[in-house]
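The primary structure of each chain is shown beneath.
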Amino acid sequence: MDIEEYVNKIKSKKLNAVNTIKKVISKVKELNKEYNCFITICEDEALEQARLVDKNRKGRLAGVPVSVKDAICVKNVQATAGSKMLEGYVPPFDATVIQRLKDEGAIIIGKTSQDAFGFGSFSVNTNMSVPKNPFDKNRSAGGSSGGTACVTQLADFPHIGIGESTGGSISAPSSFCGVYGLTPTYGLNSRYGLIDYGNSLDKIGPICKSTHDTALVLNIISGNDPRDQTSLNSKKIDYTKFEDIKNYTIGLPKQYFQNISPSVKKSVEEVISVLKKLGIRFVEVDLKTTKYHIPAYYLIAMCEASTNLAKLDGVRYGSRTSFTDSDNYNDYYTSVRSKNFCAETKRRIIIGTFARMSGYRSQYYLKAMKVRTLIINDYKKAFEKVDCLLSPTMMFTAPRFDEIEKLDPLQEYQSDLLTCGPNLAGIPMINVPCGKDENGLPIGFHIIADHLNELKILSVANAYEEAMKK
Amino acid sequence: MSDDVKCIIGLEIHAQMKTNSKIFCGCPVDNNAAPNTNVCETCLGYPGSKPRLNRKVFENGVKIAKALNCEVPKNVFFSRKSYFYPDMTKNFQITQYEIPVGLNGFLKIKWRGEELKIRIRRAHLEEDPGKLVHVGGDITTSKYTLVDYNRAGTPLIEIVTDPDFTHPEQVRDFLNKLRAILEHLNIYDSDMIMKADANISVKGGERVEVKNITGFASIIKALEYEYNRQRIMAKQGLFIKQQETRAYSEQTKTTKPLRVKESEADYGYIFEPDLSWQRMDDARLKSIYSRMNELPDERVERFTKEYKLSEDSATVLVYTDKALADFYEACAKTFKDYELLYNWLSTHLLKCLNYNNVSISKSKVSPELFLEFMKEIKSGCLSERLAKELVKELASTGKPIKQIMKSKNIKEFSDKDLMPIIKKIIEKNEKAVADYRMGNNNSINFLIGQVLRETNFQAGVENIRELIEKVIK
Ligand SMILES: [Zn+2]
């Protein structure tokens, strides 16, 4: 049952929201025991919302269960962003996207597991809970929006996931869990209420079971928000009105097909041949700036992150620690932060602080900002000739936890090679599931387009999805 | 003060900006509100909240830049200045670093008849942190400290000059001029807080930074103290050998060395990624400038033309207190003897108010009340001596002049009242009358004096003169 069908049944009183949500809650509690996909399941608030839906029977998402990445604030529900540091922080406000979902009758059922503050690609860099892959519990669900992607795959009921991407945190888990995940143009969806990672990179986006569901959610959550000054004032588009893709030209960045695992490569080659049959023309594209994507991305993201995390000092909210008379405020900050931040969080604070110190600032932070402009121009040049770009989403399928443990930080950062470029450029991308590897693990491909061309990538994704149903 | 030793002073001035709401959220600004009542998720820095720029505050920053003859860059943006301190809600301050709202300006001042150009390096906007309250003492003695976040997010303008001052007196003129500009732009009033950090050195010595001096008067006092200290030391051949940071004490009116960390704080500035760039194209600048109030220098010039005042008089009205110039203009709408109005307002009324220690804007005297008083003077019915008495009463009570006169049993001398007295005096003083008729103008003053004495010095001189002339001629 897709979302529209379900919503119609709620509206015509064929289904009762409270009963449905009760079943959904007991189901996700079961799932959570096995897969750790939630940090908080907000049963009371969800049932309260469901009662309202049964009373009004209104909204484009009436009664639809929604799981939200923990970093996105839901009023009166704890938001830890995956870190013990924020345990007990209960925001007194809704993020704008949450407000928009609630206004359409959607029901927030819980807050999902993630890498602390979004710092990771496998959802293991956290001192809260580590989600497991729906296809193999010894493997990662991807990160950092791992919990959201995991529950979206597992849900046998209509379900919407809300994730957030800074450098690939929607694409990676969507690929590993075999679901659709859209990272929008920077500024299309308001960031108000998102616990910041790298503010100039962060984007909230839907993770769903189909292209159509994804487009429907985007219709609802997108649009200008005066509470976020980086939010765009672009024309409202109906993203469910897919375009005819017959005359599209799609570019294949040659740098994006190197070091790809054989099963992923084979799968994506099959995608290309399916799309060719649908009338799409493919050309090779040369993205010369690719080797700078990872260093530029990590420098900017860490510099911004290290300032964002400064406010977490254990004074106003979240975790506290005991305070002795001999302590001065600096000692207190040090002790509360040492205790509650996990290793990767500390690493990023230290690197980010270093890269913006006077003496290093111009050689790291400012240079990365300049390189970012070059990278954007590189993509812009490509889009003069093609409608979209296509590549594998990840170079490999979901790794085992014991494999992840062996990676050093730089190797982990390398896994973002295909995702962090478009994230840095602020251009939209979608992960589309395309089969499984020899271990039965999902593979995904990426369609990327120029700023505000979400309709193009959704149209390609939908065309592929429809073609595969036949 | 002898000033035979040359000094160099540079200033960094922070002024609170008058505004209804904070710079990055909608919370009201009210220095008297109960602690932590004017706060929201944004000024408390709650995770998930975002700042949004108060457009009016930003435009006021642009107006200040313009008034200080600064360039306004094409793209203005904000930066994050990171440091940990308990009055900070985010442990970074949103400020301006690379590209502030104003660059490379100047302000001209007059000093000992000479015109001096003080260069302005930059003017930038930033948010004030919260306020620490050291309960039952100060930072060293109190057992605990409370934080009031009401002030967090109050807009500040910071103005940095080049080291162009050569005498503390020039700083007084500069600050006075700056205050008048901010007042005229309706960005500042005398209740608000002005703070400064000042660098000062004398020839041959290293510079001393006097940090965090609060209030207009203290800034001048601190600089005078520090100038004299260094000057006297220099005369004895003692020079400051190493750059030093000092603090000014309100109690002792002296400066004392301040212990600071060896290394200068590293603020790790980055661009504020939550606020978009402000594009300052010509159309936007034109629109902001068109909504700019008249600046004090323009007003002085207008006063000399419109009210035929001397430049000095106009300067007194405009630069003493904007409210004084406003008061003058309110009266001048109907009272057309501009010189007489100026004299009574700037000399007499102001003297009384200063004596009572009230400012013109807080005084009980409204322009309407003062106009009534001026009409009495103009009619010639009041002697100067009496008028001076009455203006004191007016300044302290704020009662209508008629009522004051009645309560003091002051009779108004109409022509009808005066005529019999004048006739009597003329009859008694035939010689003086004859002298006057012979062309001795002084003798009329003698006659006027006699009449005044008869009225107990309550009648107006000009009125008496007119009547005497009428009778004798
Ligand atoms: Zn506020």
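Look above for the structure.
Everything numeric in this text was worked out from a predicted model, so none of it was measured.

(A) Geometry of the coordination of the zinc ion. Residues and elements named next belong to chain B. Taken together, C25 (SG), C27 (SG), C40 (SG) and C43 (SG) make up the protein donors of the zinc ion, found 2.3 to 2.4 Å from the metal. Seen from the zinc ion, its 4 donor atoms lie at angles of 100 to 114°, and the figure they make is tetrahedral. Donor residues for the zinc ion, ordered by position in the chain, follow C-x1-C-x12-C-x2-C. Remark: C40 occurs in the loop between strand 1 (7–16) and helix 1 (55–67) and C27 occurs in the loop between strand 1 and helix 1; sequence separation between them is 13 residues.

(B) Here's a closer look at empty space enclosed by the protein. All names here are of chain B. A full pass over the atoms with the stated rule returns 5 cavities of 30 Å³ or more. In this structure, the largest cavity occupies an estimated 150 Å³ of space. Along the wall of the largest cavity there are 22 residues; nearest its centre are T42, K50, P51, K90 and I94. For the lining of the largest cavity, the residue count by class is 8 nonpolar, 5 polar and 9 charged.

(C) Local environment of the packing of aromatic side chains. Using the criterion set out here, one finds 33 aromatic pairs over all chains in the structure. Seen in terms of ring centroids, B:Y307 and B:Y328 are 5.3 Å apart; in terms of plane orientation they differ by 80°. Their pairing is edge-to-face. Taken together, the positions of B:Y307 in the loop between helix 5 (296–306) and helix 6 (311–320) and B:Y328 in helix 7 (residues 322–332) put the pair 21 residues apart, joining distant regions of the chain. With a relative accessible area of 0%, B:Y328 lands in the buried category. An aromatic cluster is present here, built from A:F117, A:F119, A:Y197 and A:F341 joined pairwise through their rings.

(D) Region of the structure containing the sheet that holds strand 14 (residues 270–271) of chain B. As summarised here, the arrangement of the 3 strands in space is 4-3-14 (chain B), forming an open sheet in which the pairing is antiparallel. Unpaired on one side and paired on the other, strand 4 (92–95) and strand 14 of chain B mark the two borders of the sheet. The pairing of strand 3 (residues 79–82) of chain B with strand 14 of chain B spans 2 bridges and is antiparallel. Looking at the pairing, B:R80 lines up with B:I270 of strand 14 of chain B. Against the sheet, helix 9 (residues 290–308) of chain A contacts strand 3, strand 4 and strand 14 of chain B, and its axis sits at roughly 60° relative to strand 3 of chain B.

(E) A look at the nonpolar core. Residue and element names in this part refer to chain A. L101 and L390 are the most contacted members of the largest nonpolar core, which totals 156 residues. No other element matches helix 9, which puts 10 residues into this core. For L101, the contacting residues outside a window of four places in its chain are L61, V66, A106, I162, V217, I220 and I221.

(F) Examining the state of the cysteines more closely. Evaluated as defined, the whole model comprises 0 disulfides over all chains. Left unpaired, A:C303 is separated from the closest cysteine sulfur, that of A:C420, by 15 Å.

(G) Structural view of the pattern of salt bridges. One pass over the structure, following the stated rule, counts 64 salt bridges over all chains. With its nearest N and O atoms 3.9 Å apart, the salt bridge here joins A:D286 to A:K254. With A:D286 in the loop between strand 10 (281–285) and helix 9 and A:K254 in the loop between strand 9 (249–253) and helix 8 (262–277), this residue pair connects regions lying 32 residues apart in the sequence. According to the relative accessible area criterion, A:K254 is partly exposed, its value standing at 37%. Of the charged contacts, one joins B:K431 and B:D435 as a salt bridge, the two residues approaching to 3.2 Å between their closest N and O atoms. With B:K431 and B:D435 both in helix 13 (residues 430–437) and 4 residues apart, this pair spans about one turn of that helix. The exposure class assigned to B:K431 is exposed, which follows from its relative accessible area of 62%. On the accessibility criterion, B:D435 (25% relative accessible area) is partly exposed. Through salt bridges with shared partners, one network takes in A:R191, A:D196, A:D228, B:K50, B:R80, B:E272 and B:D274.

Parameters and conventions
Residues numbered from 1 in each chain as written. Chains lettered and ligands numbered in written order. Predicted model: local features only at pLDDT ≥ 70, side-chain atom pairs only at ≥ 80, totals over all residues. Heavy atoms only, no water. Donors = N, O, S within 2.8 Å, 3.2 Å for Na, K, Ca; no water. Tetrahedral: all angles 85-135°; square planar, octahedral: opposite > 155°, others 65-115°. Helix = DSSP H or I, 4+ residues; strand = E, 2+ residues; numbered from the N terminus. 1 Å grid on protein atoms, 1.4 Å probe; cavity = no way out; pocket = protein on both sides within 12 Å on 5 of 7 lines; lining within 4 Å. Points joined across faces, edges and corners; volume = space filled by probe spheres on them. Nonpolar A, V, L, I, M, F, W, Y, C, P; charged D, E, K, R; others polar. Phe/Tyr/Trp six-rings, centres within 6.5 Å; stacked < 30°, edge-to-face > 60°. Buried < 20%, exposed > 50% of the residue type's maximum accessible area, 1.4 Å probe, protein only. Pairing = 2+ DSSP bridges. Contact = heavy atoms within 4.5 Å. Axes fitted to C-alpha atoms, helices over the stretch in contact; angles between N-to-C directions. Core = buried A, V, L, I, M, F, W, Y, C linked by side-chain atoms within 4.5 Å. Disulfide = S-S within 2.5 Å. Salt bridge = Lys/Arg side-chain N within 4 Å of Asp/Glu carboxyl O.

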